[in-house]
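Below are the chains, spelled out letter by letter.
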Amino acid sequence: KRPANPANEVPKPTDSSLSRMADYGVGKRPKTTDEGDDVNAGLRQRNADLESEIRLVRAELVQLRRASRARLSEGDNEVLPVVV
């Protein structure tokens, strides 16, 4: 294990309710609380949209599986001859 080098350490952000740093890199401007909230709101909405789409796809999958089982149980499967 190498000892920590204080000269190479990344500065820790201050705990300020007024702003959050967008990145520790040089030249980055502080991200305001409103901008952070907007980003979080957008991500929450995107997450909700994706979860809704997942529910729809799962419901469609259940329907397709039921239809497939019904066709199998009816015996209307076509058997193809095997040529050797």
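What counts as what
- Residues numbered from 1 in each chain as written.
- Predicted model: local features only at pLDDT ≥ 70, side-chain atom pairs only at ≥ 80, totals over all residues.
- Heavy atoms only, no water.
- Helix = DSSP H or I, 4+ residues; strand = E, 2+ residues; numbered from the N terminus.
- Buried < 20%, exposed > 50% of the residue type's maximum accessible area, 1.4 Å probe, protein only.
- Areas by Shrake-Rupley, 256 points an atom, 1.4 Å probe, with all protein chains shown as cover.
- pLDDT = per-residue confidence, 0-100.

## Describing the overall build of the protein chain
Here's step 1: Within the protein chain one finds one helix and two strands.
Here's step 2: Secondary structure of the protein chain in N-to-C order comes out as β-β-α.
Here's step 3: In the protein chain, buried positions account for 1% of the 84 residues.
Here's step 4: Split by element, the accessible area of the protein chain, about 8,300 Å² in all, is 54% carbon and sulfur.

## What to know about the confidence of the model for the protein chain
Here's step 1: Mean pLDDT over the protein chain works out to 75, with 57% of the residues at or above the 70 mark.
Here's step 2: Here strand β1 (residues 19-21) is the element of the protein chain with the lowest mean pLDDT, 52, and helix α1 (residues 33-74) is the one with the highest, 89.

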